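Working through the structure, step by step
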Amino acid sequence: MMKPNRAAILAPLLIAATAATGADLPRRSAPPADYYPPPPPAFTWQGFYAGVQGGVGFAAFQDGGGNLIGSSPSGGLIGITAGYNFMAAPQLLVGAEVDFAFTGVSGSRAPFWGAYAKGDVDDLLTIRGRAGYVMGPALIYATAGFAGSKNTIQLSQGFFYGVDARFQPGWALGGGLEYMILPNLSAKGEYLFTSTGSGSYFDFSRYALSSGVNMSSLKAGVNYHF
């Protein structure tokens, strides 16, 4: 009687095992038909924010009879800002903002021989309301409120020499454009006009005067939204 061929018996078993192993191997396949890439990160204008700002200012020291510092003081400014935005409607934003800046706005003149006048805006504080129109990542806004500046006047004439500094309150008015460049980061450009009252300088001297300061500033900044 012939013995069965072992190879003939094992061959079908090996083929079946190989097929089963191949069925278990991972295969690359196209994503399901209903797969969609994740949406871009969402952003919102509402909430607290804080940032930094810088720019340039152009001022005039007014003494009632005209520009006290005739050279039109100008210079740079740098500071910080913080505020809160509230979406009153889908495209209407209202909020409040406070900012503080150190400035290098300065000017001087020598109206005649032996006389010298110099004016400096040392720093500027504003507390303002904002209202704006939102167009997706862009915001166009108007702003108005309180402004205060610390001003220094230096005056010499003949045998008189004096330096006097005052903090003067007033008002601010302006507007700007802000754009959300990242979900939590925006960049802005702003124009602001400030008028800070009338301060009395060199009291109890023959050179006593009253001076207010008007200033236009152009600023750029970045804000982080919490």
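Keep in mind it's a predicted model, so treat the numbers as computed, not measured.

Some remarks on the side chain of H225
Relative to the helices and strands, H225 resides in strand β8 (residues 209-225). Within the local environment of H225, its side chain forms a polar contact with the side chain of S186, the two groups lying 2.8 Å apart. If we ignore the near neighbours within four places in the chain, the residues touching H225 are W45, F48, Y49, N85, E178, M180, N184 and S186.

Some points on the sheet that holds strand β5 (residues 138-157)
With antiparallel pairing, eight strands are arranged side by side around a closed barrel as β1-β2-β3-β4-β5-β6-β7-β8. Going from strand to strand, the sheet's axes swing by 20 degrees on average, the running direction of each strand aside. The sheet contact formed by β5 and strand β6 (residues 160-182) spans 20 bridges and is antiparallel. When the sheet's bridge partners are listed, A142 is paired in β6 with G175.

Thoughts on the pattern of salt bridges
Tallied over the full model, the rule gives 13 salt bridges. For R130, the salt bridge goes to E97, with nearest N and O atoms at 3.9 Å. Placement of R130 in strand β4 (residues 115-135) and of E97 in strand β3 (residues 92-109) is noted, with a sequence separation of 33 residues between them. Overall, E97 belongs to the buried group, its relative accessible area being 2%. Among the salt bridges present, the one from K150 reaches D122, with a minimum N-O distance of 3.0 Å. Remark: D122 occurs in strand β4 and K150 occurs in strand β5; sequence separation between them is 28 residues. In this structure, a network of salt bridges that share partners links the residues E97, D99, R128, R130, E178, K188, E190 and K219.

Some thoughts on the packing of aromatic side chains
Considering all chains together, one arrives at six aromatic pairs under this definition. Relative to F226, the ring of Y224 has its centre 5.2 Å away and its plane inclined at 75 degrees; by these criteria the two rings are edge-to-face. Accessibility expressed as a relative area gives 66% for F226, which makes it exposed. What links up through ring pairs into an aromatic cluster is the set F160, F202 and Y207. In this arrangement the basic side chain of R130 is found over the ring face of Y141, its NZ or CZ atom lying 4.5 Å from the centre. Just above the ring of Y201 sits the side chain of R166; from NZ or CZ to the centre is 5.9 Å.

A few points about the pairing of strand β2 (residues 74-89)
Remark: a regular strand shows side chains that alternate across the two faces of the sheet. Bridge count between strand β1 (residues 47-62) and β2: 12 bridges; the pairing is antiparallel. The residue of β2 that forms the bridge with F48 is Y84. Summarising the sheet, β2 and β3 pair through 13 bridges and their orientation is antiparallel. Within the sheet, the bridge partner assigned to A89 lies in β3 and is L92. Connecting β2 to the antiparallel partner β3 that follows it, the hairpin turn spans two residues.

Describing the nonpolar core
One broad rule of soluble globular proteins: the nonpolar side chains tend to lie buried together. Grouped together as the largest cluster of nonpolar side chains are 17 residues, with contacts concentrated most on F61, V121, I153, L155, F202 and L209. Sorting the residues of this core by element identifies β1, β4, β5 and β8 as the ones contributing at least two each. Counting residues in hydrophobic clusters, the runner-up holds seven residues, among them M87, V134, L139 and M180.

Conventions adopted
As a convention, each chain's residues are numbered from 1 in the sequence order in which they are written. Where totals are concerned, whole chains, interfaces and linings use all residues; where local detail is concerned, this predicted model gives features only for residues with pLDDT of at least 70, and gives and counts side-chain atom pairs only at 80 or more. Side-chain measures here rest on the full set of heavy atoms in the structure, leaving out hydrogens and waters. A run of H or I in DSSP becomes a helix once it reaches four residues, and a run of E becomes a strand once it reaches two; helices and strands are each numbered from the N terminus. Between N or O atoms, a polar contact is any pair within 3.5 Å; within protein, one atom must be a potential hydrogen donor and the other a potential acceptor, and residues adjacent in sequence are included only when both atoms are from side chains. Two residues form a contact once any of their heavy atoms are found within 4.5 Å. For two strands to be treated as a pair, DSSP must find at least two bridges joining them. Axes, fitted as lines to C-alpha atoms, cover a helix only where it is in contact. Angles between the N-to-C directions of the axes lie from 0 to 180 degrees. Think of a salt bridge as a Lys or Arg side-chain nitrogen and an Asp or Glu carboxyl oxygen that are within 4 Å of each other. Relative accessible area decides the class of each residue, using a 1.4 Å probe on protein chains only: under 20% of the type maximum gives buried, over 50% gives exposed, and in between gives partly exposed. Planes of paired rings set the category: under 30 degrees apart is stacked, over 60 is edge-to-face and the rest tilted, where pairs are Phe, Tyr or Trp rings (Trp by its six-membered ring) whose centres lie within 6.5 Å. For a Lys NZ or an Arg CZ to count as sitting over a ring, it must be within 6 Å of the ring centre and within 35 degrees of the ring normal. Within this scheme, the nonpolar core is defined by two criteria: the residues are buried Ala, Val, Leu, Ile, Met, Phe, Trp, Tyr or Cys, and they are joined through side-chain atoms within 4.5 Å.

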